[in-house]
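Listed below, chain by chain, are the residues.
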Amino acid sequence: MSERTGNADALLDIRRLKKYFNVRKGLLHAVDDVSLTIRKGKTLGLVGESGCGKSTLGRVVIGLIEATAGEVFFHGEDTLKFTAEQRSVFRTQAQIVFQDPFSSLNPRMSVAQQISEPLRINNACRNKREIDAKVKELMDTVGLAERIATSFPHELDGGRRQRIGVARALALDPEFIVLDEPVSALDVCIQAQILNLLQELKKERGYTYLFISHNLSVVRYVSDEVAVMYLGQVVEKADNVALFGKPIHPYTQALLSAVPVAKLDAKKERILLEGDVPSPIDPAPGCRFAGRCAYRQDVCLQDNPVLSEIEPGHFVSCHFAGFLQRHE
Amino acid sequence: MTSRDTSVLLDIRDLSVRFNTDSGVVHAVNHLNLSLHRGKALGFVGETGAGKTTTALAILRLIQSPPGQITSGEILFEGHDIMKMTEAEKRHIRGNRIAMIFQDPMTSLNPIMTVEDQITEMISLHSNLMGNEVSKRAREMLALVGIRPERAKDYPHQFSGGMRQRVGIAIALACEPALLIADEPTTALDVTIQAQVLELIKDLQSVVKTSLLLITHDLGIVAEICQDVAIMYAGRLVEYSDIRSLYGHPMHPYTQGLFNAVPNLDSPLGGKLAVIPGLPPDPTDLPKGCSFSPRCPYAQAVCHEKACGMREVAPNHFVDCYFPLGVEGGQRS
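Values in this document were obtained by computation on a predicted structure and should not be read as measured data. Throughout, a residue's number is its position along its own chain's written sequence, starting from 1. As a convention, the first chain written is A and the first ligand written is 1, with the rest following in written order. In view of the model being predicted, local features appear only for residues whose pLDDT reaches at least 70, and side-chain atom pairs are presented and counted only at 80 or more, with totals across whole chains, interfaces and linings using the full set of residues.

Novice: Explain the overall build of chain A here, please?
Specialist: Tallying secondary structure elements over chain A gives 11 helices and 12 strands in all. Radius of gyration here uses only the C-alpha atoms, and the compact-globule reference equals 2.2 Å multiplied by the residue count raised to the power 0.38. The C-alpha radius of gyration computed for chain A amounts to 21 Å, which stays within 12% of the reference 20 Å derived for 328 residues, consistent with globular compactness. C-alpha atoms of chain A, sized along the principal axes, occupy 70 × 55 × 45 Å. In chain A, which comprises 328 residues, the proportion classed as buried is 48%. When contacts within chain A are restricted to residue pairs at least 6 apart in sequence, those whose partners lie at least 24 apart make up 66%. Helix and strand definitions follow DSSP, with helices as H or I runs of at least four residues and strands as E runs of at least two, each counted in order from the N terminus. Once C-beta atoms are placed from the backbone, each residue is buried if 20 or more other C-beta atoms lie within 10 Å of its own, exposed if 12 or fewer, and partly exposed for counts between those two. Residues are scored as being in contact if the C-beta atoms we place from backbone atoms lie within 7 Å.

Quick look at the structure:
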């Protein structure tokens, strides 16, 4: 399970990716030197709180936002250096499902029109009959009844709308899909239905997912590997079992301990973090988490630690990772 | 659940609320009976559209009419029926005896008033404190929720989401209400900030001794804060009990479905989530029998004909089901 950059089975290889935004108050470090590998047919879960840069990362990776620096290799080729032609091919291979199925669909298009849009734009079908057949097949795949093909989004509940979003993403038969908080806007029962659907599709068709979420339980349920982001940087990454079973970074530990558990007598030790996430605009030198960290030392305020491999496949960005690992 | 003893702070009896809309009459709350004891925290759980917030607004008599209409029921608060109160009496109760924390602290605060002014407004409206005493009390409230006094003159937009919700809590508790209604107080917050706010609510509840009606969809939050729990489905209460009994033995198939649908940090990996098939019913066209019967794996003919009604199946554990789970022989008569 160990992960190496440049691994042959890597579908997507993100190297030292940066995305800065110029804002009035300075330079906003949305994604700051992130390296990640997503292996073919696997799901990488990306967790973090609002503003940590996880959605920006997802968008940069599929080319919706231009990167400031870094490389994104897809099948070994740097997508950031693609020509317009290569880029349009890449965009059929890499898709995204958005969080809010209420605002990500066109309110004036019927279900069938929404789903056929990517097919029409890319001339993926020869004629109207082929398009209709493909739409029907896609609706069947994501569990939408044929009778709602002429319905409009406002007539449908959140779960069905999100199924439309998934069908649109699948239309061009992609290899890689960014799922950006795909179930956060949904009720728990509908959430379970969509999660099961995504898992089935991955199993049957071998899709590779980047699953972005703030919900740790959901990420644990869907991911093979997990990366935790804090203020634009990855602070810990490991395979699912290691990350949830033996979190090392103080932020990951606090994050996990903060999740309310729907069980009595499950009272675990809660690590309460003080204060809020600091501003990502011109961040101070030193570890980004230092201000809220219980283990903070002088060195943390001066040097930003680098992500290093503490155990095979388990990467942590903390000056005291070795110490925390032994005292876990 | 009927009780005349003074330990009952809030007693809702046979409450029904409906909304007249273009697409028909929405039956938002249907014959709800619910009571809350003094000093206790009751978790009020259900999905979107279950009628949780409508119930809260009915308690405060804040349902806009039209289109809303309370068609039946009484709401006894400290023994007095809120439904029969005059406008002046209702105003006296709102904010003073019953306060509310809203889901979104950005839209529930006034953007052009400093947070101190928003608290003093509440205090001057409802207490006899004057001048300096008012602002002293406001600072005390801010300190109580962990906001430094030098930030009292700041405006809501200068605070983060978690801090704003603390301000909302400070305003709500300023007049020491007997009942605090918290409507999804942490849904808009990040998980580490949610943990801070939940800790605060828990601490304050033991200090201020206020009763809490906590509206949420998260059974994890209820397990942490509440002593009792009520599960709503399609405008009806389907199960009510203390949390020990309900979490130990959920009896309504919907409650069980809710527990199973949510992945936990310790649920086994690789399995499928147990899904409740289908969708909640259309509130303008509720099924004839039990509202959950079209989705219920255990439904029998009788379930589609007539709802069972709430009954006490175990001590202080009420469920609206003919065939409660884990009860021998199903129907107890």
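After presenting the structure, the write-up continues.
Novice: Just to check I follow, could you spell out the overall build of chain B for this structure?
Specialist: A tally of regular secondary structure across chain B gives 11 helices and 12 strands. Rg of the C-alpha trace for chain B: 21 Å, near the compact-globule value of 20 Å for 333 residues, within the 12% margin. A principal-axis box enclosing the C-alpha atoms of chain B has dimensions of 65 × 50 × 45 Å. Within chain B, counting contacts between residues at least 6 apart in sequence, those at least 24 apart form 65% of the total.

Novice: Explain unusual backbone geometry here, please?
Specialist: Trans is the common state for peptide bonds, and a negative phi is the common state for residues other than glycine. Residues Ser65(B) and Pro66(B) are joined by a peptide bond in cis, for which omega reads -10°. Its place among the elements puts Pro66(B) in the loop between α1 (52-59) and β4 (68-77). A cis amide bond links Pro66(B) with the next residue in sequence, Pro67(B), at an omega value of 10°. Structurally, Pro67(B) is set in the loop between α1 and β4. Look at Leu231(A): it is not a glycine, yet its phi comes out positive at around 50°. Among the secondary structure elements, Leu231(A) is positioned in the loop between β9 (225-230) and β10 (233-239).

Novice: For this particular structure, what's the right way to read the sheet that holds strand β2 (residues 24-37) of chain B?
Specialist: Residue and element names in this part refer to chain B. Two strands are said to pair when DSSP picks up at least two bridges between them. With antiparallel pairing, four strands are arranged side by side in an open sheet as β2-β1-β4-β5. The open sheet terminates on both sides in strands that have one partner only, identified here as β2 and β5 (80-81). Summarising the sheet, strand β1 (residues 8-21) and β2 pair through 10 bridges and their orientation is antiparallel. In the sheet register, Asn-20 faces β2, and the bridge partner there is Val-25. An axis is simply a line fitted to the C-alpha atoms; with a helix, the fit covers only the stretch in contact. Between two such axes, the angle follows the N-to-C directions and lies from 0 to 180 degrees. This element, α1, spans β1, β2 and β4 of the sheet and lies at about 70° to β2.

Novice: Mind showing me how you'd approach the pairing of β9(A) here?
Specialist: In summary, the side chains of a regular strand alternate between the two faces of the sheet. Residues and elements named next belong to chain A. Buried residues dominate β9, accounting for six of its six residues. On β9, burial covers both faces: Glu-225, Ala-227 and Met-229 on one face and Val-226, Val-228 and Tyr-230 on the other are all buried. Examined bridge by bridge, strand β3 (residues 43-47) and β9 share four bridges and lie parallel to one another. Following the sheet pairing, Val-47 is matched in β9 by Val-228.

Novice: Honestly, the sheet that holds strand β10 (residues 236-242) of chain B in this entry has me stumped. Any pointers?
Specialist: The strands that make up a sheet pair up through hydrogen bonds in the backbone, lying either parallel or antiparallel. Residues and elements named next belong to chain B. Across the sheet, which stays open at both edges, the eight strands sit in the order β6-β7-β8-β3-β9-β10-β12-β11 with mixed pairing between neighbours. This sheet does not close on itself; its edge strands, each paired only once, are β6 (98-101) and β11 (311-314). Sheet twist, expressed as the mean angle between neighbouring strand axes with direction ignored, is 20°. As judged from the two bridges shared by β10 and strand β12 (residues 317-319), these two strands associate in the antiparallel manner. The residue bridging Glu-239 from the neighbouring strand is Val-319, located in β12. Taken strand by strand, helix α6 (residues 161-173) contacts β6 and β7 (179-183), and its axis lies near 175° from that of β6.

Novice: How should I be thinking about the packing of helix α5 (residues 158-170) of chain A against helix α6 (residues 188-205) of chain A in this particular structure?
Specialist: Angle between the axes and distance between the axes: these two values describe a pair of packed helices. Residues and elements named next belong to chain A. For the pair α5 and α6, interaxial distance at closest approach is 9 Å and the crossing angle is 20°. Considering their axes alone, α5 and α6 lie roughly parallel with respect to each other. Viewed along their axes, α5 and α6 form a crossing whose handedness is right-handed. In this structure, α5 uses Gly-158, Gly-159, Gln-162 and Val-166 to contact α6, whose residues at the interface are Ile-190, Gln-193, Ile-194 and Leu-197. Here roughly perpendicular refers to angles of 65 to 115 degrees, roughly parallel to angles under 35, roughly antiparallel to angles over 145, and oblique to all remaining angles. Definitions for this section: a left-handed crossing has its near helix turned counterclockwise from the far helix by less than a right angle. A right-handed crossing has that turn clockwise.

Novice: Is there a simple way to think about the interface of chain A and chain B in this case?
Specialist: One frequent convention defines the size of an interface as the accessible area lost when the parts assemble. Between chain A and chain B, the residue contacts involve 32 residues of the former and 36 residues of the latter. Those elements that place two or more of their residues in the side of chain A that touches chain B are α6, α7 (216-222), α8 (240-245) and α9 (250-257) of chain A. For the side of chain A that touches chain B, the element with the most residues is α6(A), which contributes six residues. Note that Gly is not counted as nonpolar here; it falls among the polar residues with everything else outside the nonpolar set of Ala, Val, Leu, Ile, Met, Phe, Trp, Tyr, Cys and Pro and the charged set of Asp, Glu, Lys and Arg. For the side of chain A that touches chain B, the class distribution of residues is 19 nonpolar, six polar and seven charged.

Novice: I keep staring at helix α4 (residues 115-126) of chain B and nothing clicks. Help me out?
Specialist: Side chains of residues three or four places apart in an α-helix project in the same direction, reflecting 3.6 residues per turn. Residues and elements named next belong to chain B. Expected helix span is computed as 1.5 Å times (number of residues minus one). The terminal C-alpha atoms of α4, which comprises 12 residues, lie 17 Å apart, in line with the 16 Å expected from a rise of 1.5 Å per residue. Among the residues of α4, those classed as buried are Val-115, Glu-116, Ile-119, Thr-120, Met-122, Ile-123 and His-126. All buried residues of α4 fall inside an arc of 155° around its axis, so they share one side. Tucked inside the fold, the buried residues of α4 contact α5 (131-144) and α6. Think of the arc as the fan of directions from the helix axis to the C-beta atoms.

Novice: Help me understand the pairing of strand β6 (residues 94-97) of chain A, please; the structure alone is not making it clear to me.
Specialist: Residues and elements named next belong to chain A. In β6, alternate side chains face the same way, and those of Ala-94 and Ile-96 on one face and Gln-95 and Val-97 on the other are all buried. Where β6 and strand β7 (residues 176-180) come together, four bridges link them in parallel fashion. Directly across from Gln-95, in β7, lies its bridge partner Ile-177.

Novice: Help me understand the packing of helix α3 (residues 111-121) of chain A against helix α4 (residues 128-141) of chain A, please; the structure alone is not making it clear to me.
Specialist: All names here are of chain A. Interaxial distance between α3 and α4 falls to 10 Å at its minimum, and their mutual angle equals 120°. Put simply, α3 runs oblique to α4. In the crossing of α3 with α4, the sense of the turn from one axis to the other is right-handed. Mapping the contact onto sequence places Ala-112, Ile-115, Ser-116, Leu-119 and Arg-120 in α3 and Ile-131, Lys-134, Val-135, Leu-138 and Met-139 in α4. Residues of the contact of α3 with α4, tallied by class, amount to seven nonpolar, one polar and two charged.

Novice: Whenever I open this one, the confidence of the model for chain A confuses me. Can you help?
Specialist: Detailed reading of predicted coordinates is not advised where the pLDDT is low. Scored from 0 to 100, pLDDT reflects the predictor's confidence in each residue. Here chain A shows a mean pLDDT of 91. Residues at 70 or above account for 96%. Low pLDDT (under 50) marks residues 1-5 of chain A, which in the prediction has 11 contacts with non-local residues, meaning those over four places away or in another chain.

Novice: Would you mind going over the confidence of the model for chain B with me for this structure?
Specialist: For chain B, per-residue confidence averages 90 on the pLDDT scale, and residues scoring 70 or more make up 97% of the total. Of the two predicted TM-score estimates for the complex, the pTM is 0.88 and the ipTM is 0.83.

Novice: Would you mind going over the environment of His31(B) with me for this structure?
Specialist: All names here are of chain B. Looking at the element boundaries, His-31 is found in strand β2. Along the primary structure His-31 and Gly-309 are separated by 278 residues, whereas in three dimensions their C-alpha atoms are 9.8 Å apart. Excluding residues within four positions of it along the chain, His-31 makes contact with Asp-14 and Ser-16.

Novice: What should I look at first to understand the environment of Leu201(A) in this one?
Specialist: Residue and element names in this part refer to chain A. Take Leu-201: it is sitting in helix α6. Overall, Leu-201 belongs to the partly exposed group, with 18 C-beta atoms counted inside 10 Å. Between the C-alpha atoms of Leu-201 and Asp-298, which are 97 residues apart in sequence, the distance is 49 Å.

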